[in-house]
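Here is how the chains run, residue by residue.
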Amino acid sequence: MRVHDTDLYRHLLGLEKPWTIDRVSLDVAKQRVDVFAKHEKPKSWPCPECKTACGLHDHDEERTWRHLDSCGFQTHLHARIPRVKCTEHGVRQVRVPWAEPKARFTALFERFAIDVLRETSIAGATTILRITWDEAHHIMERAVARGMARRPHEVPRHLGIDEKSLAKGQHYATMVCDLERGHVIDLAEDRTKESVRRCLGRYSINDLAQVEAIAMDMWEPYVLQLRAIVDNADEKIVFDRFHIVGHMNEALDQIRRRENKALRAQGDDRLVGSKHLWLYGKENLVKSNANLATKFAFAELRAANLKTSRAWALKESLRDLWKQPSRAAGERWYHRWYSWAVRSRLTPVKKVAAMVKRHLPNVLTYFKHRITNAGSEAINSVVQMLKKRAFGFRSFPNFRTAVLFRCGGLSLYPATHPKLG
Ligand SMILES: [Zn+2]
């Protein structure tokens, strides 16, 4: 069957001179539309590199691009791309207005696919778009490469550095965020000095001297690397309160597990099932959807003479450090908390207390810069979700692509209909 309304397709595809539609064929059984483009004979074609007007050399083999469906019918565009012979660049394919070089989809299709991929998983997108997993992933890769190439060179004032465990076991990634603009700058495999250097690779030493503050965890390799590449790093590094409270929560959980085991051996089940209640911040527990009976039972547990409740009180109290009015007040406050912590006879808590004490100058830098990694919480929840979708992330490059696609603050769309000249 032939469709004669070639004008409609010229508009739908946004073809412009010298391109036009030759013919359109419709296969109802296969639910497929094939659109064949042709071109008039312009006086010259621009070289794709230098835009110099060149004569037509020849045509390449016919190629096919998947386009947006027409009324549910898969639509494919066909054309033979002209080649020019530029004195400077030799024989080259000219740019076509509907797709980027080497793409298998039209720019409008890729644009739509990017919108779909932003809203759903790759698996979901393959069903909606009727493309393969590899095609969907390739569209994301191209979008990220495009976005990274276009990203303006802006030096972040506030950096956030985070480590992410990628899977059970010792597989880590380092993620660097621009805390003000709220996007991920880059990720690198591992959590070594080299990982940080790679994430910040786009910046010169002069650029990095302009960074004002860096929120991060107390992780020696990161510190060493930052001292090497950021001017005055010791004034700028802020050991982040979310990380520090996170360490306290780990200590608390360790204590709870041990105590629970000991109590159960004596037939005492009080701590069973209470794990998350201890890890909440006090004010969040009140707001949580735990029922009233649970909340009362937990209040009783907190008041009981348990190691876990002592550790909890220390954890909750530590959070007040960051509410102190000044650096000097914060320092005094910490020394009081520290002597309470070391007398607690709770080894995991004492370890955290000693670690914070060792790093105290760069914990107290908070009072100068007032930054935390909390700003990247939105990013973290997306990263968490991407990690849960186990697909494909057996490889680090796939994980990096997925994170930058969602959280890189990148301009991802292909240029539609670039001018030919
Ligand atoms: Zn040229």
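Every value quoted in this text rests on a predicted model; they were computed, and no experiment measured them.

Rules behind the numbers
- Residues numbered from 1 in each chain as written.
- Predicted model: local features only at pLDDT ≥ 70, side-chain atom pairs only at ≥ 80, totals over all residues.
- Heavy atoms only, no water.
- Helix = DSSP H or I, 4+ residues; strand = E, 2+ residues; numbered from the N terminus.
- Expected span 1.5 Å × (residues − 1).
- Contact = heavy atoms within 4.5 Å.
- Phe/Tyr/Trp six-rings, centres within 6.5 Å; stacked < 30°, edge-to-face > 60°.
- Buried < 20%, exposed > 50% of the residue type's maximum accessible area, 1.4 Å probe, protein only.
- Lys NZ or Arg CZ within 6 Å of the ring centre and 35° of its normal.
- Pairing = 2+ DSSP bridges.
- Axes fitted to C-alpha atoms, helices over the stretch in contact; angles between N-to-C directions.
- Parallel < 35°, antiparallel > 145°, perpendicular 65-115°, else oblique.
- Left-handed = near helix turned anticlockwise from the far one by under 90°.
- Nonpolar A, V, L, I, M, F, W, Y, C, P; charged D, E, K, R; others polar.
- Donors = N, O, S within 2.8 Å, 3.2 Å for Na, K, Ca; no water.
- Tetrahedral: all angles 85-135°; square planar, octahedral: opposite > 155°, others 65-115°.
- Patch = residues over 30% accessible without salt bridge, like charges linked within 9 Å, V, L, I, M, F, W, Y side chains within 5 Å.
- Areas by Shrake-Rupley, 256 points an atom, 1.4 Å probe, with all protein chains shown as cover.
- Salt bridge = Lys/Arg side-chain N within 4 Å of Asp/Glu carboxyl O.
- Lys, Arg positive; Asp, Glu negative; His and termini not counted.
- Charge placed at Lys NZ, Arg CZ, Asp CG, Glu CD.

1. Thoughts on helix 15 (residues 347-358)
Here is step 1: Over its twelve residues, helix 15 runs 16 Å from end to end, which matches the ideal 16 Å to within 8%, given 1.5 Å per residue.
Here is step 2: Of the surrounding elements, those touching the buried residues of helix 15 are helix 9 (241-265), helix 13 (307-318), helix 14 (327-342) and helix 16 (360-364).

2. Remarks on the packing of aromatic side chains
Here is step 1: This structure, assessed with the given rule, holds nine aromatic pairs.
Here is step 2: Residues W65 and W98 carry aromatic rings whose centres are separated by 5.3 Å and whose planes lie at 80° to one another, so their mutual orientation is edge-to-face. With W65 in strand 6 (residues 56-70) and W98 in the loop between strand 8 (90-93) and helix 2 (107-119), this pair connects stretches of sequence that are 33 residues apart.
Here is step 3: You can call W98 buried: its relative accessible area is 2%.
Here is step 4: When the centroid spacing of 5.6 Å and the interplanar angle of 35° are considered together, the rings of Y334 and W337 count as tilted. Pair noted here: Y334 and W337 are both in helix 14, with a separation of three residues, about one helical turn. By the burial criterion, Y334 is buried, and W337 matches it.
Here is step 5: Three or more aromatic residues joined by ring pairs make a cluster, and in this case those are W19, W45, W65 and W98.
Here is step 6: Taking NZ or CZ as reference, R23 lies 3.8 Å from the ring centre of F36, over its face.

3. Describing the pairing of strand 7 (residues 73-86)
Here is step 1: With eleven of 14 residues buried, strand 7 lies mostly within the body of the structure.
Here is step 2: Pairing geometry for strand 3 (residues 32-39) and strand 7, over five bridges, is parallel. Among the inter-strand pairings, V35 is bridged to a residue of strand 7, identified as L77.
Here is step 3: Two elements, strand 6 and strand 7, share ten bridges in a ladder whose sense is antiparallel. By the bridge assignment for strand 7, D58 is matched with R83.
Here is step 4: Of the strand pairs in this sheet, strand 7 and strand 8 are connected by four bridges, and their pairing is antiparallel. When the bridges of strand 8 are listed, R83 appears paired with Q93.
Here is step 5: In this structure, the hairpin formed by strand 7 and strand 8 is closed by a connection of three residues.

4. Quick word on the packing of helix 2 against helix 3 (residues 122-129)
Here is step 1: Where helix 2 meets helix 3, the axes come as close as 9 Å, and the angle between the chain directions of the two elements is 135°. Here helix 2 is positioned oblique relative to helix 3, judged by the angle of their axes. When the axes of helix 2 and helix 3 are compared, the crossing they make is right-handed. Taken together, the residues of helix 3 that come into contact with helix 2 (itself represented by F109, F112, A113, V116 and L117) are I122, A125, I128 and L129.
Here is step 2: A class-by-class count of the residues in the contact of helix 2 with helix 3 yields nine nonpolar, no polar and no charged.

5. A closer look at the coordination of the zinc ion
Here is step 1: Surrounding the zinc ion are the protein donor atoms C47 (SG), C50 (SG), C86 (SG) and H89 (ND1), at 2.1 to 2.3 Å.
Here is step 2: In this structure, the zinc ion is surrounded by four donor atoms whose angles at the metal cover 107 to 113°, and the resulting shape is tetrahedral.
Here is step 3: Considered as a linear motif, the donors of the zinc ion on their single chain read C-x2-C-x35-C-x2-H.

6. Quick look at a positive patch on the surface
Here is step 1: Together, R258, K307, R310, R345 and K351 make up a positively charged patch on the protein surface.
Here is step 2: Take R258: it is sitting in helix 9.

7. Observations concerning unusual backbone geometry
When glycine is set aside, most residues are seen to have a negative phi, and most peptide bonds are trans.
Here is step 1: The amide bond that connects K17 to the next residue, P18, takes the cis arrangement and shows omega of 5°.
Here is step 2: As for its placement among the helices and strands, P18 is situated in the loop between helix 1 (6-13) and strand 2 (19-27).
Here is step 3: Backbone geometry at R345 places phi at a positive 60°, although glycine is not the residue there.
Here is step 4: Checked against the element boundaries, R345 lands in the loop between helix 14 and helix 15.
Here is step 5: Overall, R345 belongs to the exposed group, its relative accessible area being 66%.
Here is step 6: The phi dihedral of R370 is positive, around 55°, even though this residue is not glycine.
Here is step 7: Here R370 shows up in the loop between helix 17 (366-369) and helix 18 (377-388).

8. Quick word on the pattern of salt bridges
Here is step 1: One pass over the structure, following the stated rule, counts 30 salt bridges.
Here is step 2: In this structure, E283 engages R319 in a salt bridge whose closest nitrogen and oxygen atoms are separated by 2.6 Å. Taken together, the residues span a long stretch of sequence, with E283 in helix 11 (residues 282-287) and R319 in the loop between helix 13 and helix 14 at a distance of 36 residues.
Here is step 3: Linked by salt bridges that have partners in common, E100, E110, R142 and R146 make up one network.

Note that every value here comes from positions in space, so none of it alone points to a role or purpose.
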